[in-house]
Amino acid sequence: MQTAIGTDINIAAAFLKAGELVAIPTETVYGLAGNAMSEESVAKIYAAKNRPSFNPLILHIANIAQMQEYAFVDETSLQLAQYFMPGPLTLLLPKKPTVPDITTAGSNKVAIRIPNQPLALALLAQLDFPLAAPSANPSGYISPTNASHVMEGLHGKIPYILDGGNTTVGLESTICEVANNIIILHRAGSVTAAELSAISNMEVIDAAAYHAPVLSDHSTDSPATPGQLKSHYAPHTPLYMGNIAELIESHAGKKIAVISFDNRYENVDNFILAPDHQLTTAASKLFATLRLIDQSDYDLILSEQFPNEGIGIAINDRISRAQFILKH
């Protein structure tokens, strides 16, 4: 199969209506999109990514009104949607029977979001079905933040990549769920726990600390929501996170790349993500920087712990899941 890159949403829509897959831009990362209501299309997504079939997918829709077609929407979830969507927030909701089980990996819940990206929204407006769209890369590898990243991982596997330029957020969406008068945070992203709490007037609890019976049959090896596998976003080059000075000393003699917020270290190659000292800048550069390093001749990658606030929490989550120790 030949893979083309272009900006024509009509071409993208035609492929999707024919049951094919198309990579699409969003504000977070590029997604590998297929008809979420078609078991055949969703099966193609799992195959193209080599993604475990127990890892659920996110539905991408064009507007808030469509949420009611695929899920049962409570008042607080609707309030969050009205405030944060389109945008990098995904809501986990009780699914309606029309959503195929393959799309939710057998879960009775469905994850839904509206991407804040002009091409993606224009494409979704042309379709009469939602798009299931996990990150457009081989499963477990670094998520793509531009069309060329998608081509590197999926050329020959999909017919079309819709090119919307570089993503603006650069990290996957926040995933949350309203349950029992609290908000459960399933995945950190650029929409923070503090923002969710401020809009909803509810307490936000990390999913790892929440043990509702409905989630008790899931582990991080069989997640209830996307993006929760223990090893994820990982480069081929071994990556270690922690005290950089100590790590440099323990790996003396190796060719080392260091990812940092705004610090510079001696006797290594420095990849400073936020020379402007802004966490949003660091987030937007993280995946592209990991790819650049991974395509170079380094023995290992070392990463700082980033300031653990705002989107820095999501940055630390992604780097932590990319660590070498979790791949074994």
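Residues numbered from 1 in each chain as written. Predicted model: local features only at pLDDT ≥ 70, side-chain atom pairs only at ≥ 80, totals over all residues. Heavy atoms only, no water.

### Overview of the pairing of strand S3 (residues 31-35)
Link 1 in the chain: Buried residues dominate S3, accounting for five of its five residues.
Link 2 in the chain: Taken together, the three bridges between strand S2 (residues 22-24) and S3 define a ladder with antiparallel strand orientation. Across the sheet, the residue bridging to Ala 23 is Leu 32, located in S3.
Link 3 in the chain: Linkage of S2 to S3, two consecutive antiparallel strands, is achieved through a turn of six residues. (Buried < 20%, exposed > 50% of the residue type's maximum accessible area, 1.4 Å probe, protein only. Helix = DSSP H or I, 4+ residues; strand = E, 2+ residues; numbered from the N terminus. Pairing = 2+ DSSP bridges.)

### Digging into the packing of aromatic side chains
Link 1 in the chain: Inspection of every chain in the model, using the stated rule, returns five aromatic pairs.
Link 2 in the chain: An angle of 75 degrees between the planes, with centres 4.8 Å apart, marks the rings of Tyr 83 and Phe 84 as edge-to-face.
Link 3 in the chain: Here Tyr 83 falls in the exposed class, since its relative accessible area comes to 54%.
Link 4 in the chain: Its relative accessible area of 10% is what places Phe 84 among the buried residues.
Link 5 in the chain: Taking 6.0 Å as the distance between ring centres and 70 degrees as the angle between the ring planes, the aromatic pair formed by Phe 261 and Phe 306 counts as edge-to-face. In this pair, Phe 261 is assigned in the loop between strand S13 (256-260) and strand S14 (269-272) and Phe 306 in the loop between strand S15 (300-303) and helix H10 (312-321), connecting sequence segments 45 residues apart. For the pair shown, Phe 261 and Phe 306 are each scored as buried. (Phe/Tyr/Trp six-rings, centres within 6.5 Å; stacked < 30°, edge-to-face > 60°.)

### Regarding the environment of Thr 90
Link 1 in the chain: Here Thr 90 is to be found in strand S5 (residues 89-94).
Link 2 in the chain: Classification of Thr 90 by relative accessible area gives buried; the value is 0%.
Link 3 in the chain: As for Thr 90 and Ile 112, which are separated by 22 residues in sequence, their C-alpha atoms are 5.4 Å apart.
Link 4 in the chain: At a separation of 2.7 Å, a polar atom in the side chain of Thr 90 contacts the side chain of Ser 173. (Polar contact = N/O pair within 3.5 Å; in protein donor to acceptor, adjacent residues only side chain to side chain.)

### Observations concerning the pattern of salt bridges
Link 1 in the chain: Across all of its chains, the model carries eight salt bridges by this definition.
Link 2 in the chain: In this structure, Glu 152 engages Arg 291 in a salt bridge whose closest nitrogen and oxygen atoms are separated by 3.2 Å. Of this pair, Glu 152 sits in helix H6 (residues 147-154) while Arg 291 sits in helix H9 (residues 279-294), placing them 139 residues apart in sequence.
Link 3 in the chain: Beyond isolated ion pairs, a larger network of salt bridges with shared partners links Glu 172, Asp 317, Arg 318 and Arg 321. (Salt bridge = Lys/Arg side-chain N within 4 Å of Asp/Glu carboxyl O.)

### Observations concerning the sheet that holds S5
Link 1 in the chain: What the 11 strands build is an open sheet, ordered S1-S8-S2-S3-S7-S4-S6-S5-S9-S10-S11; its pairing is mixed. Each having just a single partner strand, strand S1 (4-6) and strand S11 (204-206) make up the two edges of the open sheet.

### With respect to unusual backbone geometry
Link 1 in the chain: Between Met 85 and the following residue, Pro 86, the backbone shows a cis peptide bond with an omega angle of 0 degrees.
Link 2 in the chain: Tracing the sequence through the fold places Pro 86 in the loop between helix H4 (75-84) and S5.
Link 3 in the chain: The backbone phi angle of Asn 181 is positive, close to 65 degrees, even though this residue is not glycine.
Link 4 in the chain: If you trace the backbone, Asn 181 turns up in the loop between strand S9 (174-179) and strand S10 (182-187).
Link 5 in the chain: Judged by relative accessible area, Asn 181 falls into the exposed class, the value being 65%.
Link 6 in the chain: With a phi angle near 60 degrees, Asn 201 is a residue other than glycine that sits in the positive phi range.
Link 7 in the chain: Residue classification places Asn 201 among the exposed positions, given a relative accessible area of 70%.

### Some remarks on the sheet that holds S14
Link 1 in the chain: Reading across from one edge, S12-S15-S13-S14 is the order of the four strands in this open sheet, with parallel pairing throughout. Bordering the open sheet on either side are strand S12 (239-241) and S14, each of which pairs with just one other strand. Within the sheet, the average angular offset between the axes of one strand and its neighbour, ignoring direction, is 25 degrees. (Axes fitted to C-alpha atoms, helices over the stretch in contact; angles between N-to-C directions.)

### Quick look at the confidence of the model for the chain
In regions of low pLDDT, the predicted coordinates are not meant to be interpreted in detail.
Link 1 in the chain: With 92% of its residues at a pLDDT of 70 or more, the chain shows a mean pLDDT of 92.
Link 2 in the chain: Within the model, the stretch residues 212-222 combines pLDDT values under 50 with 14 contacts to residues more than four positions away or in other chains. (pLDDT = per-residue confidence, 0-100. Contact = heavy atoms within 4.5 Å.)

### Let's talk about the nonpolar core
Link 1 in the chain: Met 67, Leu 80, Leu 91, Ile 112 and Leu 196 are the most contacted members of the largest nonpolar core, which totals 42 residues.
Link 2 in the chain: At four residues, the largest contribution of residues to this core is made by helix H2 (residues 39-49).
Link 3 in the chain: When sequence neighbours within four positions are dropped, the list of residues in contact with Met 67 reads Ile 61, Val 73, Ala 81, Met 85, Leu 91, Leu 93 and Ile 112.
Link 4 in the chain: Membership of the second largest hydrophobic core comes to 31 residues, among which are Leu 273, Ala 282, Ile 315 and Ile 319. (Core = buried A, V, L, I, M, F, W, Y, C linked by side-chain atoms within 4.5 Å.)

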